[in-house]
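Single-letter residue listing:
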Amino acid sequence: MRKTPKGIKTRKFSWTTILLLLLFVLLAVLILIPFYSIFLASLRPSTEIMRQGIGLDIDLSIMSFDNYRHLFSGQTKYFTWFFNSIKITAVQTVLTLLVSAFVAYGFAMYDFKGKNVLFTCVLFIMMIPMEIIMLPLYQLTIKLGLMDSMWGIILPAVAGPLPIFFFRQYLSGISREFLDAARVDGCSEFGIFFRIIAPLMKPSFAAMGIFVGMNSWNSFLWPMIVLRSSEKLTLPIGLNSLITPYGNNYDVLICGAVFSVIPIILLFLIFQKQFIAGMTAGGVKG
Amino acid sequence: MGLKKNAAAVTKEPKAAAPKPGKERTNSLLYSQKLAPYLFVAPFVLVFAIFYIYPVISSIIMSFQEVIPGQTHFIGLTNYKRLFNGDLGQAVLNSVIYTLLSCAVVVPVPMLLAVFLNSKKMVGKNIFRSVFFLPALVSIVVAGLTFRLIFGEMPTALLNNVLSNFGIKPIKWLGGPAQWTTFFALLVLCCWRWTGVNIMYYLAGLQNISVELYESAEIDGANAWQQFRSITVPLLKPTFTYVLTISIYGGLAMFLESYMLFNGNRSPGGAGLTIVGYLYRLGWEQANFGFGCAVGICLLVATLTINLVQLKISGFFKKE
Amino acid sequence: MMKRLIALLLAGVMAFALCACKTSEPAPTDPPATDAPTDAPATDAPTDAPTEPSAEPTEIEFWTFQDLHVEFYEKMAEKWNEENPNEPIKLVPTVYPFDDMHNKLLIALQSGVGAPDLVDIEIGKYANFLKGDVQLMPLNDIVEPELDNIVKARVDIYSKDNNYYGICFHVGAAVIYYNTELCKLAGVDYENINTWDEYYEAGKKLKAADPDKYWTSVETSDIWHLWPMVAELGGDMVSSDGKPSIDSPAMAQALEFNRKLVDEGIAVVAPGNYFHAEEFYGLMNSGAIGSIVMPMWYMDRFTDYMPDLAGKIAIEPLPVWEAGQSRSVGQGGTGTSITAQCDNPELTKKFLAFAKLSAEGNIEIWNTMGFDPIRTEVWSMPEVTQSTNKFTDYYVDSPFDVLTQIKDEILPHNVNEALPATLDAMKNSVLNRVYTESNPDIPAILAEEQAKIQY
């Protein structure tokens, strides 16, 4: 219907479109520059990079894949970390989605005493910087025997406030009468959730899946505290341990950093459609 | 898939182990609508109690103690009194400036970008959405390293190199004599990482605005700006509130950005010292757990107050 | 189509990651690093001591923040196993970044779980570990018999209530490193620079000869360059009764001197803010800086990070403010300690004594790390003075000549619970303000910052 010929408007619109497009292209280029430059840097001798900073110029004479060759040679723990990260991310994402959806369903579909108080607690968690409770949480983790184990990382985050919040918003769009129909059919309350609601939530699972996965893959401070042994470290922690003035590890550092970005970007590109669909279908209605 | 989920349900609620698919209500517990919600939110309550309430309480207790191995004892308000003569002032100032600056950019700008991206006239929406979102996928370790090298003080580092084309001398961006350069670097990093995420939130919000509203507005002769002002802005308010809330929270709790940019919790002149950075220094680096907890409690009170006031003003609670 | 391609790629990446894991996990495919270059990645698998059929080796978990320390301890563990086949040990080292390691250790010790057996603790952090009931093991039974043979100050700094908890790697004597090429350029005879005034004049000469060069450099986030200058004047970071003492006239005098050098372009503020930053290594290596004040243990930074300066660096005693002042201070240091959570304290102690207190160990400290070892007799032993290693190849003169010259002038400095917080203040605030603010009122800054220190 916007194609209705309206001479003046069409011209105006194409002019603004071009301007807009230019603006967006410019922004996109700015956003991509760091990716581009760190990738170039990964092809150059790393110590030089640390000393001089990164640039944009391509100098084929000093560029090579030596760093990557070293990375893939298996002499470093890089891929142990890589595997740890994949494992923790996978477990954490699946568990968090499941538990959060479960909880969100309770919030969205029922009226019960203390609901508002509890939901305020969800918001409350969102506002507690993790760093504040780090010290006691650390002591607790030790008491629970979860140090240096992936459960110490996963469990505190298993009922994530953001996914709960998001799923609740998503579910509040589903009419409760729909549930009553299922009840009449003899479904138990949990049956309703697992058989009827969970499949309906697929798009929002995709959206939150990327969110949770991304946070888990990149999570830094807490895993740094919980994990100890170097063969249990995750990728960000492992990479960070290479940034030290007391060792020569920069070769692995920069190309390792670049390589660590690849899986998560691929995941995003694959699920991009579902992600955007899920995000946009859910919406934050407040 | 379904099976798996059922299995998970079993572990959550052992009594769900034998739900007969038939219509007989053998297990009233399973079918009780009164009990069900409590069972659903139980995992949250557990996690909340164990990993949040307990630590917050022990944090409060520790903030009144001097915590040293084997000799922990109560020292009353000493930790809180000491707050006022240390570097906390600078840390708070840095955090507040950073929060204000980042909110000024990361809240409104993505809104505009999202509106454009949502417009039917826009070309290549999906590409731009993806590109803008990419930085959020990058670990702060990698992002910090990259930006540290971009903002390097040597003339060969990217930014100085570019500026030298305009005849500008190399600037010491990170912790240089002028404070604004540090904030600038932090702000660029923050915008780079969060713009795309916030665009997604706004896009999500925009989907909830019915297209018909715009169509009827167009029929009434409203131009794009009028439509934006009288339809988009008011209807996007909940999303705006949400984005503002998380941005304030994120700004006040900022630590890792500075930690990675400065290669540790050490910035010259404390230019990158934030509240959490201060807490980290006291609690972890100087083993002053009690003092660290006191800083934490103050930050907690501050974030809660600001966010609650902000939510109150924006009428968030009325909708509950 | 595109999607499938990406999926395929992803699968490839994952598969590759898994394979690479498998190949890297059964680690010791590459031989132990007995004489491997120091740039062997920290993450390399620990070298296993040859297992004796007779006894099961005792595992000793070791944390450090320095690759080089691992190399040293692994060599010592190997020697230990050769000499003590009945009590073999297996060192399990982990290298963490500096701050991470100390933070982790601190909380592990405070909470009573998760600490290693053996650990390197840096002097600036050490006092944190002496608070309350000390969670480290007293080493008196191995240290006390050797007290006459070692520089006592180097164990005193790790002691509390007459208990010794750590043993240092080195004396850490502060010296000055000259770039002989720039000295020549300036027409300066570095061997005859005896006072800081002469040092300043030499800087002016260099500036006149080539305005693009700097005579020296100062750190804004570390204190090594400053500490000995203050110590010569009788100042210190903390007083002997455990209070910060940065507002002393000595401190102000040294800082004002350095600031003058910065203002006149004679000194450059170290790029990267301290002498351990890659940016600084780069600038120094390019031959742009004429001299720096650093402790002896900085020798291996030159050899490892500034290869272009080989054959150009001379080590000399420090200038003084006035004739008669002591020319050095024992600076920095890393105490190796045994934690209270150690599984085999007796064996670990014996090994530690062997590594850090014996002549054999001290010779190895010099050979592997280029440190000035704490056992004084080895300074004149032929194994040390006549050895050739990467350090003797690199430097113009013998560090032990300098060490013997200043032997009786190496001042100790105070170490107590106020030190970590005081150093934090210096590194995070004071030096930056003094060297970068325009027209700073240095004594006022010092007084102001001192009042803010929380310890």
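Numbering of residues starts from 1 in each chain and follows the order in which that chain's sequence is written. Whichever chain is written first becomes A and whichever ligand is written first becomes 1, with later ones labelled in order. Local features in this predicted model are restricted to residues whose pLDDT is 70 or higher, and side-chain atom pairs enter the listing and the counts only when it is 80 or higher, whereas totals over whole chains, interfaces and linings include all residues.

**Q** I tried to follow the overall build of chain A on my own but got confused; where do I start?
**A** Helical segments are the DSSP runs of H or I of at least four residues, strand segments are the runs of E of at least two, and each set is numbered from the N terminus. When its secondary structure is counted, chain A shows 14 helices and zero strands. Listed N to C, the secondary structure of chain A is α-α-α-α-α-α-α-α-α-α-α-α-α-α in terms of helices and strands. What the globule rule says is 2.2 Å times the number of residues to the power 0.38, and the radius of gyration is computed from C-alpha atoms. By the compact-globule yardstick of 19 Å for 286 residues, chain A is too spread out, its C-alpha radius of gyration being 24 Å. Along the first, second and third principal axes, the C-alpha atoms of chain A reach 75 × 75 × 30 Å. Counting other C-beta atoms within 10 Å of a residue's own tells you its class, since 20 or more makes it buried, 12 or fewer makes it exposed, and anything in between is partly exposed; those C-beta atoms are placed from the backbone. By the burial criterion, 55% of the 286 residues in chain A qualify as buried. We call two residues in contact whenever the C-beta atoms placed from their backbones are within 7 Å. Intrachain contacts of chain A at a sequence separation of at least 6 include 78% that bridge at least 24 residues.

**Q** Just checking my understanding: could you explain the interface of chain B and chain C for this structure?
**A** A common measure of how large an interface is: the accessible area buried when the components associate. Contact residues are listed per partner, giving 24 residues for chain B and 28 residues for chain C. The leading source of residues in the side of chain B that touches chain C is helix H15 (residues 275–285) of chain B, at three residues. Taken together, the residues that form the side of chain B that touches chain C break down as seven nonpolar, eleven polar and six charged. Residue polarity is assigned by list, with Asp, Glu, Lys and Arg as charged and Ala, Val, Leu, Ile, Met, Phe, Trp, Tyr, Cys and Pro as nonpolar; anything else, Gly included, falls into the polar class.

**Q** For this particular structure, what's the right way to read the nonpolar core?
**A** A general feature of soluble globular proteins is that nonpolar side chains tend to end up buried together. When buried Ala, Val, Leu, Ile, Met, Phe, Trp, Tyr and Cys residues are joined through C-beta atoms within 7 Å, the set is termed a nonpolar core. Core analysis: the biggest nonpolar cluster contains 318 residues, and Val-103 and Tyr-105 of chain A together with Val-295 of chain B have the highest contact counts within it. No other element matches helix H4 (residues 78–109) of chain A, which puts 17 residues into this core.

**Q** How do you make sense of the interface of chain B and chain A when you look at a structure like this?
**A** If you look at the interface, chain B gives 92 residues, while chain A gives 78 residues. Sort the elements by how many residues they give to the side of chain B that touches chain A and helix H3 (residues 36–62) of chain B lands first, with 17 residues. Classifying every residue of the side of chain B that touches chain A gives 62 nonpolar, 22 polar and eight charged.

**Q** Explain the domain arrangement of chain A here, please?
**A** All names here are of chain A. Reported domain spans reflect what an automatic or database domain assignment gives. Looking at the assigned domains, one finds that chain A contains domain 1 (7–64) and domain 2 (72–282). Each of domain 1 and domain 2 was reduced to a C-alpha centroid, and the two centroids are 31 Å apart. The set of elements that each furnish at least two residues to the side of domain 1 that touches domain 2 consists of helix H1 (7–42) and helix H2 (46–52).

**Q** Would you take a moment to explain helix H8 (residues 140–150) of chain B for this structure?
**A** Burial runs high along H8 of chain B: eleven of the eleven residues are buried. By the burial criterion, the buried members of H8 of chain B are Ile-140, Val-141, Val-142, Ala-143, Gly-144, Leu-145, Thr-146, Phe-147, Arg-148, Leu-149 and Ile-150 of chain B.

**Q** Could you clarify how one ought to interpret the domain arrangement of chain C in this entry?
**A** Residue and element names in this part refer to chain C. Examined at the domain level, chain C breaks down into domain 1 (58–170 + 333–392) and domain 2 (174–331 + 406–452). Contacts between the two partners involve 19 residues from domain 1, matched on the other side by 13 residues from domain 2. Listed by contribution, the elements that provide at least two residues to the side of domain 1 that touches domain 2 are helix H4 (123–126), helix H6 (153–156) and helix H16 (390–394). For the side of domain 1 that touches domain 2, the class distribution of residues is ten nonpolar, four polar and five charged.

**Q** Would you take a moment to explain the packing of helix H5 (residues 115–127) of chain A against helix H8 (residues 161–171) of chain A for this structure?
**A** Residues and elements named next belong to chain A. Contact geometry for H5 and H8: axes closest at 9 Å, N-to-C directions at 135°. In terms of orientation, H5 and H8 fall into the oblique class. Between H5 and H8 lies a crossing of left-handed hand. The residues of H8 that touch H5, namely those facing Val-122, Ile-125 and Met-126, are Pro-161, Leu-162, Ile-164 and Phe-165. Residue composition of the contact of H5 with H8, by class: seven nonpolar, no polar and no charged. Fitting a line to C-alpha atoms yields each axis, with helices limited to the stretch in contact; the angle taken between N-to-C directions then spans 0 to 180 degrees. Here the word oblique covers every angle except those under 35 degrees (roughly parallel), over 145 (roughly antiparallel) and from 65 to 115 (roughly perpendicular). Each crossing is labelled by how the near helix is turned from the far one, with a counterclockwise turn of less than a right angle marking it left-handed and a clockwise turn marking it right-handed.

**Q** I keep staring at the environment of Ser-59 of chain B and nothing clicks. Help me out?
**A** Within the element layout of this structure, Ser-59 of chain B appears in helix H3. We classify Ser-59 of chain B as buried; it has 23 C-beta atoms within 10 Å. Taking C-alpha positions, Ser-59 of chain B is 37 Å from Ala-204 of chain B, a pair spaced 145 residues apart along the chain. Filtering out sequence-adjacent residues up to four positions away, Ser-59 of chain B remains in contact with Ile-132, Ile-133, Leu-135 and Pro-136 of chain A together with Cys-293, Gly-296 and Ile-297 of chain B.

**Q** Help me out: how do you make sense of the confidence of the model for chain C in this one?
**A** The predicted coordinates ought not to be read in detail in places where the model reports low pLDDT. Residue and element names in this part refer to chain C. The predicted model of chain C has a mean per-residue pLDDT of 85, with 88% of residues at 70 or higher. Known as pLDDT, the predictor's confidence for each residue is given on a scale from 0 to 100. Here residues 1–52 is modelled with pLDDT under 50, and outside its nearest four sequence neighbours on either side it reaches 73 contacts, counting other chains as well. Interface confidence for the predicted complex, expressed as ipTM, amounts to 0.83; the pTM equals 0.81.

**Q** How do you make sense of the pairing of strand S1 (residues 58–64) of chain C when you look at a structure like this?
**A** Where a strand is regular, its side chains alternate between the two sheet faces. All names here are of chain C. Of all seven residues that make up S1, five are buried, and the element is covered over most of its length. Note that S1 and strand S2 (residues 89–95) share seven bridges and pair parallel. Following the sheet pairing, Glu-61 is matched in S2 by Val-92. We call a crossover right-handed when, viewed with the strands running away from us, the connection from the first strand over the helix to the second turns clockwise. Considered for its hand, the β-α-β crossover made up of S1, helix H2 (residues 67–83) and S2 is right-handed. Bridge count for S1 against strand S3 (residues 118–122) is two bridges, and the pairing is parallel. Opposite Phe-62, over in S3, you have Leu-118 as the bridge partner. Any two strands with at least two DSSP bridges between them are considered paired.

**Q** Could you clarify how one ought to interpret the packing of H3 of chain B against helix H16 (residues 289–313) of chain B in this entry?
**A** Helix-helix packing is described using two parameters, namely the angle between the two axes and the distance between the axes. Residue and element names in this part refer to chain B. With their axes 8 Å apart at the nearest point, H3 and H16 run at an angle of 120° to one another. Between H3 and H16, the angle falls in the class oblique. Between H3 and H16 lies a crossing of left-handed hand. On the side of H3, the interface is formed by Ser-59, Ile-60 and Met-62, while H16 contributes Phe-289, Gly-290, Cys-293, Gly-296 and Ile-297. For the contact of H3 with H16, the residue count by class is five nonpolar, three polar and no charged.

**Q** Where do I start with H15 of chain B in this structure?
**A** It helps to recall that an α-helix has 3.6 residues per turn; residues three or four apart then point in one direction. Residues and elements named next belong to chain B. H15 sits mainly inside the fold: eleven of its eleven residues count as buried. What H15 keeps buried is the set Ile-275, Val-276, Gly-277, Tyr-278, Leu-279, Tyr-280, Arg-281, Leu-282, Gly-283, Trp-284 and Glu-285. Once H15 finishes, Ala-287 follows within two positions and takes phi at roughly 60°, a positive value.

**Q** Looking at this model, I keep getting lost on the sheet that holds strand S11 (residues 313–316) of chain C. Mind explaining?
**A** Pairing between the strands of a sheet comes from backbone hydrogen bonds, and it takes one of two forms, parallel or antiparallel. Residues and elements named next belong to chain C. Strand order in the open sheet formed by three strands is S10-S7-S11, with antiparallel pairing between adjacent strands. With one partner strand each, in any of the chains shown, strand S10 (291–295) and S11 form the two edges of the open sheet. Mean inter-strand twist for the sheet, computed between neighbouring axes without regard to direction, equals 30°. In terms of strand pairing, strand S7 (residues 174–179) meets S10 through five bridges, oriented antiparallel. Paired with Tyr-177 across the bridge in S10 is Ile-292.

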